[in-house]
Amino acid sequence: MVAQDFQVDLNKALVFQVGHLGESYQEWVHQPIVCTEGPRFFENEFWEFLTRTVWWAVPTIWLPVVCYFISKSVRMGHTFPEIVVMVLFGILVWTLLEYMLHRFLFHIETKTYWWNTIHYLLHGCHHKHPMDGLRLVFPPTATAILCFPFYNLVKLMSSPSVAPALFGGGLLGYVMYDVTHYYLHHGQPSSKVPKDLKKYHLNHHFRIQDKGFGITSSLWDRVFGTLPQTKAAKKTR
């Protein structure tokens with residue numbers, strides 16, 4: 001049952017509260033609280049620990065795995081140019097997956113108790129507390145679980161010698177995504193390209209939340225027509 005006029009208590013563990021918001025959840029979760037100190041998710045200390053990840057854990061854990069998979073294709077006889085092409089293709093595929101997941105899964109509209117709860121854990125928490133530095137990257141345990149079906153899918157769609165480098169490229173794309181995502185929230189870029197990327201992503205959080213689904217680039221937003229207009233472009237209309 002959804003409680004009528006339910007109010008979330010930000011001083012208590014949030015995960016099992018937000019579902020009670022019902023149809024009001026979407027409005028609530030897209031009103032960000034800008035604070036570097038994140039909320040508590042669970043009363044249980046073990047589950048709470050699993051939700052928090054320092055950004056540097058991602059490259060530390062996954063870059064050696066990337067090197068291992070790419071080296072498998074090297075040992076199977078592929079030349080350096082072939083490896084480069086496979087890795088770059090894997091990164092490109094990741095950017096499309098990044099866009100699709102963000103647009104069609106992370107921004108799905110929910111209104112029932114359990115769907116609200118699941119959405120909050122997946123992505124809603126990030127929109128509610130966008131500056132929470134310990135919940136900006138994907139927990140390694142969850143990544144490890146997802147790697148198995150994705151690698152098996154890559155093996156089905158390519159040859160045994162190509163699959164490792166393709167998967168390694170995709171995993172490298174994921175590492176680039178998570179590190180970039182953290183930087184866009186907490187870094188202070190001084191050059192044009194990262195400055196524009198930071199502006200583009202924060203625009204998604206604080207101005208137009210139903211557009212701008214890319215993280216590492218705006219490529220697929222341009223392809224699929226979800227690139228948000230700038231304020232300057234709107235004024236000239």
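All figures in this text were calculated on a predicted structure; none of them were measured in a lab.

## Observations concerning the environment of Gln-26
Line of reasoning, step 1. As for its position among the elements, Gln-26 is in helix 1 (residues 25–29).
Line of reasoning, step 2. Placed 23 residues apart in sequence, Gln-26 and Phe-49 show a C-alpha to C-alpha distance of 26 Å.
Line of reasoning, step 3. Dropping the residues within four chain positions of it, Gln-26 is found in contact with Ile-108, Glu-109 and Thr-110.
Line of reasoning, step 4. A distance of 3.4 Å separates a polar atom in the side chain of Gln-26 from a polar atom in the side chain of Thr-110.

## Side note on the pattern of salt bridges
Line of reasoning, step 1. This structure, assessed with the given rule, holds 6 salt bridges.
Line of reasoning, step 2. With a shortest N-O distance of 2.9 Å, Arg-135 and Asp-132 are connected by a salt bridge. Taken individually, Arg-135 and Asp-132 each receive the classification buried, so the pair is uniform in this respect.

## Observations regarding the UniProt feature "domain: Fatty acid hydroxylase" (unreviewed entry) in the protein chain
Line of reasoning, step 1. Following the UniProt record, one finds the feature "domain: Fatty acid hydroxylase" (unreviewed entry) at residues 87–226.
Line of reasoning, step 2. With 70% helix and 0% strand, residues 87–226 has its two end C-alpha atoms placed 27 Å apart.

## Here's the deal with the side chain of His-107
Line of reasoning, step 1. Structurally, the position occupied by His-107 is in the loop between helix 4 (80–105) and helix 5 (113–128).
Line of reasoning, step 2. Only 3.2 Å separates the side chain of His-107 from the side chain of His-204, close enough to count as a polar contact.
Line of reasoning, step 3. Here His-107 is in contact with His-30, His-102, His-119, His-123, His-127, His-204, Gln-209 and Phe-213, once residues within four sequence places are set aside.

## Details of the packing of aromatic side chains
Line of reasoning, step 1. A full pass over the atoms with the stated rule returns 18 aromatic pairs.
Line of reasoning, step 2. Each ring, one from Phe-69 and one from Phe-167, has its centre 4.9 Å from the other, and the planes form 65 degrees; the classification is edge-to-face. Here Phe-69 is found in helix 3 (residues 57–75), whereas its partner Phe-167 is found in helix 7 (residues 163–186), with 98 residues between them in sequence. Comparing Phe-69 with Phe-167, the two get one shared label, buried.
Line of reasoning, step 3. Here the aromatic rings of Trp-220 and Phe-224 are separated by 6.0 Å at their centres, their planes lie at 25 degrees, and the arrangement is stacked. Taken together, the residues span about one helical turn, with Trp-220 and Phe-224 both in helix 9 (residues 219–224) at a distance of 4 residues.
Line of reasoning, step 4. With a relative accessible area of 17%, Trp-220 lands in the buried category.
Line of reasoning, step 5. Take Phe-224: its relative accessible area is 37%, and that puts it in the partly exposed class.
Line of reasoning, step 6. One aromatic cluster in this structure is built from Phe-16, Phe-42, Tyr-113 and Trp-114.
Line of reasoning, step 7. Between the NZ or CZ atom of Lys-128 and the centre of the ring of Trp-28, over which it lies, the distance is 4.3 Å.
Line of reasoning, step 8. Against the face of Phe-41 rests Arg-135, its NZ or CZ located 3.7 Å from the ring centre.

What counts and how
- Residues numbered from 1 in each chain as written.
- Predicted model: local features only at pLDDT ≥ 70, side-chain atom pairs only at ≥ 80, totals over all residues.
- Heavy atoms only, no water.
- Helix = DSSP H or I, 4+ residues; strand = E, 2+ residues; numbered from the N terminus.
- Contact = heavy atoms within 4.5 Å.
- Polar contact = N/O pair within 3.5 Å; in protein donor to acceptor, adjacent residues only side chain to side chain.
- Salt bridge = Lys/Arg side-chain N within 4 Å of Asp/Glu carboxyl O.
- Buried < 20%, exposed > 50% of the residue type's maximum accessible area, 1.4 Å probe, protein only.
- UniProt positions renumbered as here; feature names shortened; annotations may be inferred.
- Phe/Tyr/Trp six-rings, centres within 6.5 Å; stacked < 30°, edge-to-face > 60°.
- Lys NZ or Arg CZ within 6 Å of the ring centre and 35° of its normal.

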